[in-house]
Amino acid sequence: MRRGPSLEFVELKGTLALVTGGARRVGRAIALELGAAGADIAIHYGRSQAEAESTIADLADHGVEARPVQADLSNLESAASLPDRVADAFGRPANVLVNSASGFPTDSLADATPESWRSAQTLSLGAPVFLTQAFARLLGDDPGAVVNITDVRTATPYKTHFSYIVAKGGLDAFTKAAAVALAPSIRVNAVALGVILPPPGEDEAFAAKLASRLPLQRVGGTDPVARAVRFLVEDDFVTGEIVRIDGGGHLIPA
Ligand SMILES: NC(=O)c1ccc[n+]([C@@H]2O[C@H](COP(=O)([O-])OP(=O)(O)OC[C@H]3O[C@@H](n4cnc5c(N)ncnc54)[C@H](OP(=O)(O)O)[C@@H]3O)[C@@H](O)[C@H]2O)c1
């Protein structure tokens, strides 16, 4: 990762970013933003192979190298092996990791099962943990940056996505623990999202209704998220920070 003109700014050109869930939706927007800034991109996907190829074709317009990597992140061994596979594919390790892949499963404290609990903790917390561990091992003392994508509702939890929101709360704590553990060479930050896109399976009207309660009264879309991730990768004096991208949603009652 090259330093830019000032010590507080990292030049993205020539870096290699691994973006999990990078084929579609939020992950795709992050991949395109980092690619537009000159980073080569490893697009991780689970099932969306065609969308991964399409994102890679769009990245080619920026003249950067982009390749797909498939892995089921509900398997922690697969998650842990991903940074090695990226290094093999590109001939060098990634120095930026964005943990965006997640599910949005429904359960409550009353009806959670060991399986619904394990599944949410594995995908939304365990995979980022073991991806980060493997990413850091490969980098050694070289500089790097990790950005975790979390949920602003960890502070004002949903009743209906219990296991998910507890996993994301764990991701908030992991962001800070990893920032301490991996300093000074690797910075670890997060962005906490509010109403950015309709949840999978819901339409624009659903998101617009949620957004009407927000101080900024609109759905965020993916651009503000992508810009925040880029800031957290580029700014060299920020670590352990969780930036809310939520239109002020944290200021109102759940
Ligand atoms: N959208 C929002 O408004 C919002 C709000 C709050 C927080 N967030 C957080 O922001 C991040 C991105 O949001 P999003 O809406 O883009 O997420 P999403 O559409 O729910 O999921 C992102 C990607 O995760 C991947 N994924 C899911 N299960 C996987 C598995 N077992 N193995 C490998 N990959 C798997 C999928 O990749 P494939 O399609 O390739 O299978 C999917 O495209 C997530 O962490 C989410 O929790 C989003």
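As a starting point, this report considers the structure included with it.

Next up on the list: the nonpolar core. In summary, soluble globular proteins display a tendency toward joint burial of nonpolar side chains. Counting 34 residues, the largest nonpolar core has I30, L34, I41, V191, V225 and V229 as its most contacted members. At the level of elements, β3 (16–19), α1 (25–36), β4 (40–45), α2 (49–60), β6 (96–99), β7 (144–151), β8 (186–193) and α7 (223–234) are the ones that each hand at least two residues to this core. The contact partners of L34, leaving out residues within four places of it in the chain, are L12, A17, V19, A39, I41, V96, V98 and R230. In this structure, A42, A71, F174 and I186 belong to the second largest nonpolar core, which totals 27 residues.

Tracing the backbone shows D246 in the segment after β9 (242–245). Here D246 sits buried without a salt bridge, and the closest side chain of opposite charge, R244, lies 5.3 Å off (N-O distance). What D246 contacts, discounting residues up to four positions off in sequence, is V152, G194 and L214.

In the region of the ligand, 27 residues are neighbours, and R25, G46, R47, S48 and K168 sit closest. In this structure, R24 approaches the ligand through a side-chain N or O atom, which is 3.4 Å from an oxygen atom. Coverage of the ligand by the protein amounts to 87% of the 880 Å² it exposes when considered alone. Those elements giving two or more residues to the shell around the ligand turn out to be α1, β4, β7 and α5 (162–182). Per-element tally for the shell around the ligand: the top contributor is β7, with 3 residues. Residues belonging to the shell around the ligand are distributed by class as follows: 12 nonpolar, 9 polar and 6 charged.

This part is about α5. The end-to-end C-alpha distance of α5, which contains 21 residues, comes to 30 Å, matching closely the 30 Å that a straight helix rising 1.5 Å per residue would cover. Of the positions making up α5, those classed as buried are S163, Y164, I165, A167, K168, L171, D172, F174, T175, A178 and A179. Buried-residue contacts for α5 involve α4 (114–139), β7, β8 and β9.

Working definition: two side chains of opposite charge can pair if their charged atoms are close together. Scanning the model with the defined rule gives 7 salt bridges in all. The partner of E33 in a salt bridge is R230, and the shortest N-O contact between them spans 3.5 Å. Taken together, the positions of E33 in helix α1 and R230 in helix α7 put the pair 197 residues apart, joining distant regions of the chain.

About the criteria used
- Residues numbered from 1 in each chain as written.
- Predicted model: local features only at pLDDT ≥ 70, side-chain atom pairs only at ≥ 80, totals over all residues.
- Heavy atoms only, no water.
- Core = buried A, V, L, I, M, F, W, Y, C linked by side-chain atoms within 4.5 Å.
- Buried < 20%, exposed > 50% of the residue type's maximum accessible area, 1.4 Å probe, protein only.
- Helix = DSSP H or I, 4+ residues; strand = E, 2+ residues; numbered from the N terminus.
- Contact = heavy atoms within 4.5 Å.
- Lys, Arg positive; Asp, Glu negative; His and termini not counted.
- Salt bridge = Lys/Arg side-chain N within 4 Å of Asp/Glu carboxyl O.
- Near = heavy atom within 4 Å.
- Polar contact = N/O pair within 3.5 Å; in protein donor to acceptor, adjacent residues only side chain to side chain.
- Areas by Shrake-Rupley, 256 points an atom, 1.4 Å probe, with all protein chains shown as cover.
- Nonpolar A, V, L, I, M, F, W, Y, C, P; charged D, E, K, R; others polar.
- Expected span 1.5 Å × (residues − 1).

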